[in-house]
Amino acid sequence: MPFVQSTDACLEDRIGADGLPRAAFERDLGRVEAALAWVREQHRTNALPLLRLPARGDDVAAVRGRVAVLVVGAGVVVWLGTGGAGLGGQTLAQLGGWGLPGASLGAAGPRLHFLDNLDPLTMDSVLERLDLSGARFVVTSKSGGTGETTMQAIAVLERLLAAGYGPDLPKRVLGITEPAVPGRTNGLRRLLEHHRIPILDHDPGIGGRYSALTPVGLVPAAILGVDLEGLRAGAAQVLAPVLAGSDARDIPAAVGAVVGVGLAETRGKSQTVLMGYSDRLERFTAWFVQLWGESLGKEGRGTTPIKALGPVDQHSQLQLFLAGPRDKMFTVMTVEGRGRGPRMDADLAALANQADFAGKTIGDLVAAQGRATADTFANNGLPVRTLHLSTVDARTMGALMMHFFLETILAGRLMGVDPFDQPAVEEGKILAKRYLAGG
């Protein structure tokens, strides 16, 4: 397994009164067995296509083929898509250097920009400054009716057509949306097909926030050279013990769901913090916030997800985490970094009054900080789970994504909520369109 999970410091017999009672933990391990059986049945009947993704390869080949055409002559690829249509791709693109400090220094190949939030000033600025001759675009919306993405697509197509690029649109734009279904309107597909723009199909059975391992995530990953087979292999590794019928206590996602739900129900832990100790996990924590919050926040249930990044958030949020309301569960994700990064010169370290730094690497310090943060939570009686990663690569990311897909689904089953719908979000969409139509 590309990572090791420990939940010992979430239990009452380790941290005291804020921990999950051992009896509740054991009881819910029994309850989650029924949820695991449900997952296996969904896989057997293909009722959850998400669970079949790790074994697929045909869509990977299709993604590579479309990307190969798209990037010819490209200086920049602009991604149009919001919510799950943006966060999954950003998370995987970060493996290829996107969104990292200094990533543009000496970078080769096309640059990738995500316009995942609709803002009129930003859109004006991008369209005015963009060199259309080297610009390529990917437009993605599962339903084809997302208002933000449709407006972005119309604005981009208008500019390209006005600049005389109409005949070249099939080489400059790529769409990702659901296949056409009789009796159902897909405005984005209609718009793209009218201009002969190629489209990769978005599986109707996989919701946006669960789509990171579909073409929605694979396309930006492929643009930046991320190992697509590695992503799927990591996901398969996590899914395998579930499908094999392993005991719940031997399935990290099941244990994580039991601990998270149990702490909420028995100890009032209404917030869950995911803190990653690597720049390459920054977007992963944002991706988790959408997955967890939109899937489980229903019927007065759920826990509020909070993202954090170490070590930087030790200097901002950690004070609140340690000395504020005791309403949180913590997950600290550390990466094996000892011995990595620049090594400190002894003379310079002494001059800086940091003699202990002599001969140590930046990776040594970050590793010590991550361990210290987790131990500090536990020493203060705050429930903390640790996930230790051997490295941050495609296999590890695929494994982490499948882990949290499963943990979210299992938590929903334990809570008694549907982790796949988002009724409150739909209400807001309907009102926004009504207000827009009414001026």
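Now for a look at the structure at hand. Given the structure is predicted, the values throughout are model-derived calculations rather than measurements.

The next thing to look at is the overall build of the protein chain. Across its full length, the protein chain carries 17 helices and 10 strands. A principal-axis box enclosing the C-alpha atoms of the protein chain has dimensions of 65 × 60 × 45 Å. The buried share of the protein chain, reckoned over its 439 residues, is 49%. Across the protein chain, the fraction of contacts at a sequence separation of at least 24, relative to all contacts at a separation of at least 6, is 80%. In the structure as shown, the protein chain presents an accessible area of about 19200 Å², 53% of it carried by carbon and sulfur atoms. Separation of charge centres in the protein chain, based on 44 positive and 45 negative side chains, amounts to 3 Å.

Inspection of the entire model under this criterion finds 11 aromatic pairs. Each ring, one from Trp98 and one from Phe114, has its centre 4.9 Å from the other, and the planes form 70°; the classification is edge-to-face. With Trp98 in the loop between helix H4 (84-93) and strand S3 (111-115) and Phe114 in strand S3, this pair connects stretches of sequence that are 16 residues apart. Ring pairs connect the aromatic residues Tyr210, Phe284, Trp287, Phe288, Trp292, Phe404, Phe405 and Phe420, which therefore count as one cluster. Here Arg413 stacks its cationic end above the ring of Trp38, 4.2 Å away from the centre of that ring.

Now for unusual backbone geometry. Here Gly310 and Pro311 are connected by a cis peptide whose omega angle stands at 0°. You will see that Asn353, though not glycine, has its phi angle at about 60°, which is positive. Relative accessible area serves as the criterion here: at 68%, Asn353 is assigned to the exposed category.

A few words now on the sheet that holds strand S6 (residues 199-201). Judged by pairing direction, the sheet is parallel, and its five strands sit side by side in the order S3-S2-S4-S5-S6 without closing on themselves. Since the sheet does not close on itself, it has two edges, and those belong to S3 and S6, each with one partner. Put simply, the sheet's adjacent strands are angled 20° from each other on average, direction ignored.

With respect to the helices and strands, the residue Gln94 is situated in the loop between H4 and S3. A residue is classified by how much of its surface remains accessible, and Gln94, at 1% relative accessible area, is buried. For Gln94, the side chain forms a polar contact with the main-chain nitrogen of Glu282, separated by 3.4 Å. Sequence-distant contacts of Gln94, that is, excluding residues within four places in its chain, are made with Gly99, Leu100, Asp279, Arg280, Leu281, Glu282, Arg283 and Phe284.

Pairing is mixed across the open sheet formed by five strands, whose spatial order is S1-S10-S9-S7-S8. Looking at the sheet topology across the chains shown, the edges are occupied by strand S1 (3-6) and strand S8 (304-309). Between one strand and the next, the sheet's axes are offset by a mean angle of 15°, whatever the strand orientation. Bridge count between strand S7 (residues 271-276) and S8: six bridges; the pairing is parallel. What sits directly across from Val273, in S8, is Ile306. Where helix H15 (residues 362-379) meets the sheet, it contacts S7, strand S9 (328-335) and strand S10 (384-389), and its direction lies at approximately 160° from that of S9.

Reading the values: the criteria
- Residues numbered from 1 in each chain as written.
- Predicted model: local features only at pLDDT ≥ 70, side-chain atom pairs only at ≥ 80, totals over all residues.
- Heavy atoms only, no water.
- Helix = DSSP H or I, 4+ residues; strand = E, 2+ residues; numbered from the N terminus.
- Buried < 20%, exposed > 50% of the residue type's maximum accessible area, 1.4 Å probe, protein only.
- Contact = heavy atoms within 4.5 Å.
- Areas by Shrake-Rupley, 256 points an atom, 1.4 Å probe, with all protein chains shown as cover.
- Lys, Arg positive; Asp, Glu negative; His and termini not counted.
- Charge placed at Lys NZ, Arg CZ, Asp CG, Glu CD.
- Phe/Tyr/Trp six-rings, centres within 6.5 Å; stacked < 30°, edge-to-face > 60°.
- Lys NZ or Arg CZ within 6 Å of the ring centre and 35° of its normal.
- Pairing = 2+ DSSP bridges.
- Axes fitted to C-alpha atoms, helices over the stretch in contact; angles between N-to-C directions.
- Polar contact = N/O pair within 3.5 Å; in protein donor to acceptor, adjacent residues only side chain to side chain.

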